[in-house]
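Read off the chains here:
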Amino acid sequence: MNKTKKIILIAISVFMFVAVQGFSQQITKFGVVDTSKVYSAYFKDSSPVRNYDAKKKEFQNEITKRADEIKKLKQKKLEYEKNGDNTNAQKVALDITKKTEFLTEYTNAKNAELEAMLANMQRADDFYKKLYKVLAKVAESGGYSMILSLQENNSILWYSSSVDVTDQVINELGK
């Protein structure tokens, strides 16, 4: 019996040791942040964003104006064709082609310009210095081992909303 008690005591001791070791290991905690949302919230009232929005609206108005012009020319072409005036219909068709090509080139150029403006705003060193300080503060206070960006890492296929620290980062940046 004495030998059995020793074996049971040793087994309980080993079990307790393993249990304590298991509980004492730190669990890695990850967080995610939507940097696009943070950027929008941080700069929503800044002059670069207002300039970007104004340019975007200006470009869209010009695109709409030119698209409407093409639409009217198409209607005019249909009227010429309906009336059997193929010569004028062909002239209008050439005009439609030229204006459509111009509109496509204009749209591509203006979209590239807007993308460049946005990229320049997002590369602002002061913003990122402040962002990284806030991310470090949020990570340390929340016990996170790592904070991942939803935009920068295409390998994030799923995450729990409980690890999303975006709103916390936005609040800290506002202070």
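Structure first, text after, so check above.
This text gives an overview of the structure that appears in the document. Just so we're clear, the structure is a prediction, and the values are computed from it rather than from any experiment.

**Quick notes on the side chain of Glu172**
Relative to the helices and strands, Glu172 is located in helix H6 (residues 166-173). Side chain to side chain, Glu172 and Lys137 meet in a polar contact 2.9 Å long. If near-sequence neighbours (up to four positions away) are discounted, Glu172 is found in contact with Val134, Lys137 and Val138.

**Observations concerning the nonpolar core**
Formed by 26 residues in total, the largest nonpolar core has its most connected members in Val33, Val38, Phe127, Leu131, Val165, Val169 and Leu173. Residues within four places of Val169 in sequence aside, it is in contact with Val33, Val38, Leu131, Val134, Leu135 and Val138.

**Digging into the environment of Phe127**
Here Phe127 is to be found in helix H5 (residues 125-142). On the basis of relative accessible area, Phe127 is assigned to the buried category, the value being 3%. It is 9.3 Å that separates the C-alpha atoms of Phe127 and Phe43, two residues lying 84 residues apart in sequence. In this view, Phe127 contacts Val38, Tyr39, Tyr42, Phe43 and Leu173; residues no more than four positions away in its chain are not counted.

**Describing the packing of helix H2 (residues 35-43) against H6**
Between H2 and H6, the shortest axis-to-axis distance is 9 Å and the interhelical angle comes to 25 degrees. Our classification of the angle between H2 and H6 gives roughly parallel. As for the relative orientation of H2 and H6, their crossing is right-handed in sense. Side by side, H2 and H6 meet where Lys37, Val38, Ala41 and Tyr42 of the first sit next to Thr166, Asp167, Val169, Ile170 and Leu173 of the second. Classifying every residue of the contact of H2 with H6 by side-chain character gives six nonpolar, one polar and two charged.

**What about the packing of aromatic side chains?**
The geometry of an aromatic ring pair comes down to the distance between the two centres and the angle between the two planes. For the structure shown, the criterion picks out one aromatic pair. Ring geometry for Phe102 against Tyr106: centres 6.1 Å apart, planes inclined by 25 degrees, an arrangement best described as stacked. Taken together, the residues span about one helical turn, with Phe102 and Tyr106 both in helix H4 (residues 86-122) at a distance of four residues. Taking the relative accessible area as the measure of exposure, Phe102 reaches 38% and is therefore partly exposed.

**Describing empty space enclosed by the protein**
In this structure the tally under the stated criterion is one cavity of 30 Å³ or more. Quantified by volume, the largest cavity comes out at close to 40 Å³. Lining the largest cavity are Arg66, Glu69, Ile70, Lys99, Phe102 and Leu103. When contributions to the lining of the largest cavity are tallied by element, the ones reaching two or more residues are helix H3 (47-82) and H4. For the lining of the largest cavity, the per-class residue count stands at three nonpolar, no polar and three charged.

**Considerations on the pattern of salt bridges**
For the coordinates displayed, the defined rule picks out six salt bridges. For Asp167, the salt bridge is made with Lys37, and the minimal N-O distance between the two is 3.3 Å. A residue pair is termed long-range when its members are at least 10 positions apart, and Asp167 in helix H6 and Lys37 in helix H2 qualify at 130 residues. For Asp167, a relative accessible area of 46% corresponds to the partly exposed category. For Lys37, a relative accessible area of 41% translates into the label partly exposed.

**What to know about H2**
Every α-helical turn comprises 3.6 residues, leaving residues that sit three or four positions apart pointing alike. Of the positions making up H2, those classed as buried are Thr35, Val38, Tyr39 and Phe43. The arc enclosing the buried residues of H2, seen along the axis, measures out at 105 degrees, which places them on a common side.

**Some words on the environment of Tyr144**
Structurally, the position occupied by Tyr144 is in the loop between H5 and strand E2 (146-149). Judged by its relative accessible area of 14%, Tyr144 falls in the buried class. It is 7.3 Å that separates the C-alpha atoms of Tyr144 and Thr28, two residues lying 116 residues apart in sequence.

Parameters at a glance
- Residues numbered from 1 in each chain as written.
- Predicted model: local features only at pLDDT ≥ 70, side-chain atom pairs only at ≥ 80, totals over all residues.
- Heavy atoms only, no water.
- Helix = DSSP H or I, 4+ residues; strand = E, 2+ residues; numbered from the N terminus.
- Polar contact = N/O pair within 3.5 Å; in protein donor to acceptor, adjacent residues only side chain to side chain.
- Contact = heavy atoms within 4.5 Å.
- Core = buried A, V, L, I, M, F, W, Y, C linked by side-chain atoms within 4.5 Å.
- Buried < 20%, exposed > 50% of the residue type's maximum accessible area, 1.4 Å probe, protein only.
- Axes fitted to C-alpha atoms, helices over the stretch in contact; angles between N-to-C directions.
- Parallel < 35°, antiparallel > 145°, perpendicular 65-115°, else oblique.
- Left-handed = near helix turned anticlockwise from the far one by under 90°.
- Nonpolar A, V, L, I, M, F, W, Y, C, P; charged D, E, K, R; others polar.
- Phe/Tyr/Trp six-rings, centres within 6.5 Å; stacked < 30°, edge-to-face > 60°.
- 1 Å grid on protein atoms, 1.4 Å probe; cavity = no way out; pocket = protein on both sides within 12 Å on 5 of 7 lines; lining within 4 Å.
- Points joined across faces, edges and corners; volume = space filled by probe spheres on them.
- Salt bridge = Lys/Arg side-chain N within 4 Å of Asp/Glu carboxyl O.
- Arc of directions from axis to C-beta.

Shape descriptors only; they carry no functional weight alone.
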